[in-house]
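# Chain and residue survey
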Amino acid sequence: MGDTPIHTRPRERTYSGLDEENQRLFSELSIDDWLAKFGRIYGKRHDKHTTEYMISRLVEEVAELVNPMDSQDKSRIAPNLADVFSWTCSLAFKLDIDLSSLAWQKYGKHAPHPSWSQPNQPSLQEFSMPQTLRDWQELISKVYQEENLRLSPTNSLVAMMKDVGDLAMLNRKRAPIDQITSKLAAIFAWTLTIAQLLQLDLATIVQEKYDDHCPMCGQQICDTDVCHPFKTMYVSFSSQTSDEEKYVILDSAANFGFRTLVNSAVAIESTRDMSASLDLISKSDAACILLHPDASRNADYGQAFETLACYSMLSKGNVWVFGKAETIGLAEYLESTFADEKIQVIAYHDANNLKGLFENCLQTLRLKRSRIAEGEQII
Ligand SMILES: [Zn+2]
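Rules of the game
Numbering of residues begins from 1 in every chain and follows the order in which that chain's sequence is written. Restriction of local features to residues with pLDDT of at least 70 applies here, the model being predicted, together with a cutoff of 80 or more for giving and counting side-chain atom pairs; totals for whole chains, interfaces and linings are based on all residues. Helix numbers and strand numbers start at the N terminus; a helix is a DSSP run of H or I with at least 4 residues, a strand a run of E with at least 2. Once C-beta atoms are placed from the backbone, each residue is buried if 20 or more other C-beta atoms lie within 10 Å of its own, exposed if 12 or fewer, and partly exposed for counts between those two. Here, residue contact means that the backbone-derived C-beta atoms of the two residues sit within 7 Å. The quantity called pLDDT is the predictor's confidence in a given residue, expressed from 0 to 100. Note on definitions: angles span 0 to 180 degrees between N-to-C directions of axes, and those axes are lines fitted to C-alpha atoms, for helices only across the stretch in contact. Each angle gets one of four labels, with under 35 degrees taken as roughly parallel, over 145 as roughly antiparallel, 65 to 115 as roughly perpendicular, and the rest as oblique. Residues are grouped as follows: nonpolar covers Ala, Val, Leu, Ile, Met, Phe, Trp, Tyr, Cys and Pro; charged covers Asp, Glu, Lys and Arg; every other residue, Gly included, is treated as polar. Expected helix span is taken as 1.5 Å per residue step, with the number of steps being one fewer than the number of residues. DSSP bridges decide pairing: two strands pair if at least two such bridges lie between them. Buried Ala, Val, Leu, Ile, Met, Phe, Trp, Tyr and Cys residues whose C-beta atoms connect them within 7 Å together make up a nonpolar core. Within this analysis, the arc is defined by the directions that extend from the helix axis to the C-beta atoms. We call a crossing left-handed when the near helix sits turned anticlockwise from the far one by less than a right angle, and right-handed when that turn is clockwise.

When its secondary structure is counted, the chain shows 16 helices and seven strands. The burial tally for the chain puts 36% of its 379 residues in the buried class. Looking at the chain alone, contacts between residues at least 24 apart form 78% of all its contacts between residues at least 6 apart.

Quick look at the structure:
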């Protein structure tokens with residue numbers, strides 16, 4: 001986003017209360033339409049996110065359902081359930097999955113006949129493949145009505161958490177894609193089940209939260225990383241970073257609400273070291289790298305690699321690279337060798353100076369985020 005100016009413009013629509021025309025339109029959307037809608041809003045942003053990162057965000061969204069579900073607070077459950085559906089769609093879009101056909105195969109046409117089902121359970125032949133989200137919710141509630149009688153919203157959530165955990169595990173193990181997609185279909189079915197058990201209409205609650213925009217920045221195509229919750233920061237120290245400097249970075253990051261994933265004394269001795277760094281970076285929303293002052297050491301290839309990885313996987317505005325001002329080393333090497341990347345190394349003199357500079361960066365980001373939260377929109 002860089003120096004893009006921030007303008008204020010009135011929101012075109014409100015997010016509470018849907019007019020009749022709008023209601024008719026969204027209630028007619030097929031699953032493919034919803035996928036395309038979330039693909040349009042978030043596809044650009046998710047292009048640079050790894051599947052692993054997106055799954056970890058889905059895990060967080062599901063976890064955020066626990067408290068509202070405990071208190072049975074529908075007004076808080078609804079927007080969270082909409083988020084779970086949004087991330088499920090975004091993942092299906094990224095992985096190019098035909099979610100509706102998959103769910104139909106798994107839960108509709110070829111649904112396993114449950115051993116406990118009663119003879120009066122509706123036969124699957126009575127249904128045709130659902131089109132709209134409301135049709136889907138109806139199908140799941142009818143086909144599984146016997147099972148659903150035994151389910152509470154809370155134990156459906158537990159079952160969904162298990163499937164989300166399995167999804168993360170299968171993806172990490174690089175399991176065959178059909179196992180991964182099958183879990184995604186299961187999460188979709190649990191989302192419908194929870195909505196049904198709470199007598200919430202999933203299509204309505206998703207529309208109320210997302211309408212046609214990203215609810216944070218209000219844009220129809222969300223292309224900024226600053227409007228999703230910033231929680232995790234990748235931090236890399238060199239073997240020469242002093243304890244005082246380390247403390248300053250970790251303390252400031254914590255004060256600004258970040259959880260930190262620290263990779264200290266990065267050295268690349270095997271490909272495993274590189275993938276360990278990538279794993280941590282792909283779980284992060286921001287990064288801070290304290291460069292080693294001496295470019296002649298083998299360890300610095302690790303930090304050069306990390307810097308480039310952070311620049312390509314995270315937004316440049318969320319990556320801060322610091323170098324000791326007195327020494328000429330890796331900073332100069334990075335800036336000259338990778339001129340196209342426009343890597344900016346911020347020079348510091350001592351721990352105190354580092355603290356001021358880093359907190360300035362974090363404050364700038366915080367201001368940008370709060371302006372977005374207050375309803376200004378980035379053009
Ligand atoms: Zn946005």
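Don't stop here, the text continues.
Mean pLDDT for the chain: 81, with 81% of residues reaching 70 or above. Mean pLDDT across the elements of the chain bottoms out in strand 1 (residues 6–7) (34) and peaks in helix 12 (residues 243–255) (96). Low pLDDT, under 50, characterises residues 1–18; the predicted model gives this stretch 24 contacts beyond four residues in sequence or across chains.

Let us now look at the environment of K74. Tracing the chain through its elements places K74 in helix 5 (residues 74–94). Each C-alpha atom, one on K74 and one on Q199, is 9.5 Å from the other, the two residues being 125 residues apart in sequence. When sequence neighbours within four positions are dropped, the list of residues in contact with K74 reads L198 and L200.

As a further point, take the packing of helix 2 (residues 31–46) against helix 5. At their nearest, the axes of helix 2 and helix 5 sit 8 Å apart, and the two run at 75° to each other. The angle between the axes of helix 2 and helix 5 places the two elements in the roughly perpendicular class. Between helix 2 and helix 5, the residues in contact are W34, L35, F38, G39, Y42, G43 and H46 and S86, C89, S90, A92, F93 and K94, respectively. In terms of residue class, the contact of helix 2 with helix 5 is made up of seven nonpolar, five polar and one charged.

Let's shift gears to helix 10 (residues 177–197). Its 21 residues give helix 10 an end-to-end C-alpha distance of 30 Å, which sits within 8% of 30 Å, the value for a rise of 1.5 Å per residue. Among the 21 residues in helix 10, 16 count as buried, and that is most of the element. Downstream of helix 10 by a residue or two, Q199 has a phi angle that is positive, lying close to 55°.

Attention now moves to the pairing of strand 2 (residues 232–237). Where burial is concerned, most of strand 2 is hidden: five out of the six residues are buried. Here four bridges tie strand 2 to strand 4 (residues 286–290), and the two strands are oriented parallel to one another. Among the inter-strand pairings, V235 is bridged to a residue of strand 4, identified as C288.

Counting 60 residues, the largest nonpolar core has L81, L99, L184 and A189 as the members making the most contacts within it. Counting 30 residues, the second-largest nonpolar core is a separate cluster that includes F237, F258, A287 and V321.

Right, let's talk about helix 3 (residues 51–63) for a bit. In this model helix 3 runs 18 Å from its N-terminal to its C-terminal C-alpha over 13 residues, within 8% of the 18 Å that 1.5 Å per residue would give. Along helix 3, the residues classified as buried are M54, I55, R57, L58 and V62. One side of helix 3 carries all its buried residues, which in axial view fall inside an arc of 155°. Where the residues of helix 3 are buried, they touch helix 2, helix 5 and helix 9 (153–172).

Looking now at the packing of helix 5 against helix 10. One way to put it is that helix 5 packs onto helix 10 with a least axis distance of 10 Å and a crossing angle of 160°. Judged by the inter-axis angle, helix 5 sits roughly antiparallel to helix 10. Judged by the sense of rotation from one axis to the other, the crossing of helix 5 with helix 10 is left-handed. For the pair formed by helix 5 and helix 10, the contact residues are L81, V84, F85, T88, L91 and A92 on the first element and L184, I187, F188, T191, I194 and A195 on the second.

On to unusual backbone geometry. Of note, Q199 is a non-glycine position whose phi angle comes to about 55°, a positive value. With respect to the secondary-structure elements, Q199 resides in the loop between helix 10 and helix 11 (202–210). Classification of Q199 by C-beta neighbours within 10 Å gives exposed; the count is 7. Within the chain, D211 stands out as a residue other than glycine whose phi angle is a positive 45°. Tracing the chain through its elements places D211 in the loop between helix 11 and strand 2.

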